[in-house]
Amino acid sequence: MESFDLGIVGGGPAGYTTALYAAKQGKSVILFEKDEIGGTCLNRGCIPTKIYLHAAHVYQEMKDASKIGIFTDNINFDFEKISEHKNNTIQKIRKSLELMIKQAGITVVKEEAHVVSENIIEANDIEYQCNEIVMCSGSVPKEIKGLEFDHKFIINSDDILNLNQLPKKILIVGSGAIGVEWARILSSFDVEVVLTEIAPKLVPLADWEVSKRIERQFKMKKIKYYTETSIKTIEDKKVTLSNDEIIEPDCILVAAGRAAVQDKGLNEGIKIIGDAAGEIQLAHYATSQAKELVLNIPYNKELIPSVIYGTPEIAWIGKCFKSKDEEAEYDVVVYPISALGKAHCDGCIDGFIKIISKDNKIVGAHIISPEASALIQQITIAMQNDITVDKLKEVCFAHPTYSEGIFEGIMQL
Ligand SMILES: Cc1cc2nc3c(=O)[nH]c(=O)nc-3n(C[C@H](O)[C@H](O)[C@H](O)COP(=O)(O)OP(=O)(O)OC[C@H]3O[C@@H](n4cnc5c(N)ncnc54)[C@H](O)[C@@H]3O)c2cc1C
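K.L.:
So what's going on with the overall build of the protein? Which residues, and what values?
P.N.:
Regarding its fold elements, the protein presents 11 helices and 22 strands. For the protein, the C-alpha radius of gyration of 23 Å lies close to 22 Å, the compact-globule estimate for 413 residues. The contacts in the protein between residues at least 6 apart in sequence include a share of 68% that link residues at least 24 apart.

K.L.:
Outline the sheet that holds strand β21 (residues 352–358), listing residues and values.
P.N.:
Ordered in space as β18-β19-β22-β21-β20, the five strands form an open sheet in which the pairing is antiparallel. Lying at the two open borders of the sheet, with one neighbouring strand each, are β18 (306–308) and β20 (331–336). Here the strands of the sheet are splayed against their neighbours by 10 degrees on average, with no regard to which way each runs. Note: strand β19 (residues 313–318) against strand β22 (residues 361–369), six bridges, orientation antiparallel. Pairing of Trp316 across the sheet is with His366, part of β22. The strands touched by helix α6 (residues 208–220) are β19, β20, β21 and β22; relative to β22, the strand with the most contacts, the crossing angle is about 5 degrees.

K.L.:
Tell me about the pairing of strand β9 (residues 169–173), and please be specific about residues and values.
P.N.:
Across the five residues of β9, four count as buried, placing the element largely inside the fold. Here five bridges tie β9 to strand β10 (residues 192–196), and the two strands are oriented parallel to one another. For Ile170, the partnering residue across the bridge sits in β10 and is Val193. For the crossover that starts at β9, traverses helix α5 (residues 177–188) and ends in the parallel β10, the hand is right-handed. Across four bridges, the pairing between β9 and strand β15 (residues 251–254) is parallel. Residue pairing for β15: Ile172 is matched across the bridge by Leu253.

K.L.:
Could you give an account of helix α3 (residues 46–64), naming the residues involved and the relevant values?
P.N.:
End to end, α3 covers 27 Å across 19 residues, agreeing with the expected 27 Å (1.5 Å per residue, within 8%). All of the buried residues in α3 are Cys46, Pro48, Thr49, Ile51, Tyr52, Ala55 and Ala56. Check the buried side of α3 and you find it contacts α2 (39–44), α4 (79–103), α5 and α7 (283–295).

K.L.:
Explain the site of the ligand residue by residue, including any values.
P.N.:
Neighbouring residues of the ligand: 37 residues in total, closest Gly10, Gly12, Gly39, Gly138 and Gly274. Those elements that place two or more of their residues in the shell around the ligand are α1 (13–24), α2, α3 and α7. For the shell around the ligand, the element with the highest residue contribution is α2, accounting for four residues. Broken down by class, the residue content of the shell around the ligand amounts to 15 nonpolar, 15 polar and seven charged.

K.L.:
Can you explain the environment of Ala372? Please cite residues and give values.
P.N.:
Inspection of the secondary structure puts Ala372 in helix α9 (residues 372–384). The class for Ala372 is buried, based on 25 C-beta atoms found within 10 Å. The contact partners of Ala372, leaving out residues within four places of it in the chain, are Val307, Pro312, Glu313, Ile314, Ala315 and Ile367.

K.L.:
Tell me what's going on with unusual backbone geometry, and back it up with residues and numbers.
P.N.:
The residue after Thr311, namely Pro312, is reached through a cis peptide bond having omega -10 degrees. If you trace the backbone, Pro312 turns up in the loop between β18 and β19. The residue after His399, namely Pro400, is reached through a cis peptide bond having omega -10 degrees. For Pro400, the location among the structural elements is in the loop between α10 (389–393) and α11 (403–411).

K.L.:
Give a detailed account of the sheet that holds β10, specifying residues and quantitative values.
P.N.:
Here we have five strands laid out as an open sheet, ordered β8-β15-β9-β10-β11, and parallel in their pairing. Edge strands, defined here as strands with exactly one partner in the open sheet, are β8 (154–155) and β11 (224–226). Contacting β9, β10 and β15, α5 crosses the sheet at an angle of about 165 degrees to β10.

K.L.:
If you had to explain the domain arrangement of the protein to someone new, which residues and values would you point to?
P.N.:
Domain annotation for the protein reports domain 1 (3–140 + 259–295), domain 2 (143–256) and domain 3 (306–411). On a C-alpha basis, the centroid separation for the pair domain 1 and domain 3 is 30 Å. Of the residues lining the interface, five residues belong to domain 1; the matching set on domain 3 comes to four residues. Taken together, the residues that form the side of domain 1 that touches domain 3 break down as two nonpolar, two polar and one charged.

K.L.:
Mind laying out the packing of α1 against α7, listing which residues take part and the relevant values?
P.N.:
At a minimum axis separation of 8 Å, α1 and α7 run at an interaxial angle of 30 degrees. What the angle tells us is that α1 and α7 run roughly parallel. Of the two elements, α1 crosses α7, and the hand of that crossing is right-handed. Contacts from Pro13, Ala14, Thr17, Thr18, Tyr21 and Ala22 of α1 reach α7 at Ala283, Ala286, Thr287, Gln289, Ala290, Lys291, Leu293, Val294 and Leu295. In terms of residue class, the contact of α1 with α7 is made up of 10 nonpolar, four polar and one charged.

K.L.:
Tell me what's going on with the environment of Gly105, and back it up with residues and numbers.
P.N.:
Among the structural elements, Gly105 can be located in the loop between α4 and β3 (107–109). For Gly105, a count of 12 C-beta atoms within 10 Å gives the class exposed.

Rules of the game
- Residues numbered from 1 in each chain as written.
- Predicted model: local features only at pLDDT ≥ 70, side-chain atom pairs only at ≥ 80, totals over all residues.
- Helix = DSSP H or I, 4+ residues; strand = E, 2+ residues; numbered from the N terminus.
- Rg over C-alpha atoms; globule rule 2.2 N^0.38 Å.
- Contact = placed C-beta atoms within 7 Å.
- Pairing = 2+ DSSP bridges.
- Axes fitted to C-alpha atoms, helices over the stretch in contact; angles between N-to-C directions.
- Buried ≥ 20, exposed ≤ 12 C-beta atoms within 10 Å, placed from the backbone.
- Right-handed = clockwise from strand over helix to strand, strands pointing away.
- Expected span 1.5 Å × (residues − 1).
- Near = placed C-beta within 6 Å.
- Nonpolar A, V, L, I, M, F, W, Y, C, P; charged D, E, K, R; others polar.
- Domains from an automatic or database assignment.
- Parallel < 35°, antiparallel > 145°, perpendicular 65-115°, else oblique.
- Left-handed = near helix turned anticlockwise from the far one by under 90°.

Set out below in structure tokens:
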């Protein structure tokens, strides 16, 4: 029986990061992947959605270009070509990842694997001895009762990536990151989007002020949404909502969370990280767990940034309020990006940088702005390192930038 220091089931961010770190430490590593290296993130998640979002953004910018004196005729798009570009880009990234894995000397087995015991993994009837096993088997789209996927009319976040033609009208169920990103992609490509959310506000996990602004932006973009609403009945393609609204979409995208994939053979000796652990299901959380597991570099579970992509980006970290009443004991500043020169240069002024502090320390931030994904990292570094508000006031922020919004906000604390 072939034997290895480390056996990993799943070649997504959790699995391949664990493998690469361990191989760098000189360990012999075997990685099992039943589908494609890169996992959900590269093949069905983070990357394909951002490729579509980029294309949607370019299309919208071109449509609006005459406002800034740039004229182009017959602006149009070919969704099949955009999908082709998406597939090619994923393939390019996957190839370089596979090369990196190969160069690190990691053995890759492209088969479904099962944990037989604490030290044995089986794949395609072959058993492999592994001193340690890490389960990185990820997650799959969650089904809701009554909305089981038929992969044609009721689809999930994997199915939608296989569409070569856009629907004319879509109903999206769920307003988390996946639901909102797809609502933004599809509405930018002129698809009529209706979104339902069972919670009282859109993006239920976000700060109340973020949800409120997203709702306003959805209205402006003519994305119809219903909160505190579910699906009552579906007859043929006629959908009746719990508020008795009737919608006739071409398809329903169910974006209502993801279910962890775990092997039945698991026992206490086997570590589970990434989406499979069923905690925070984000790629950067998965890679932080891998970093801690192999390199012993800790991370702070309270300081995992959340980002929803699109125009503009939405990002947050730390303390989050359900309503204004909860803010009383904190210092809170909401700095509008319309006060920033850079936002005017870029023609995107609808957003804010909200910073929350207590006792001279930042305890949270909520940003709706271009580059919010990068801005939140500045706050994360400050929070992780206990940099006081007074110390941050000493920092010189470049002009004109969105970072100045962080500086201006901090100056008001
Ligand atoms: C539409 C969408 C958009 C997303 N956008 C973002 C984003 O912008 N930012 C972000 O941080 N996160 C995002 N995510 C979440 C992110 O993709 C996951 O958190 C991340 O992929 C988790 O990594 P993982 O390695 O734990 O699992 P996965 O990436 O799911 O990888 C698990 C791998 O294990 C393999 N596997 C499972 N069982 C077996 C078995 N028995 N044998 C062999 N192989 C097996 C699977 O085939 C899969 O390749 C998004 C997800 C979706 C669906």
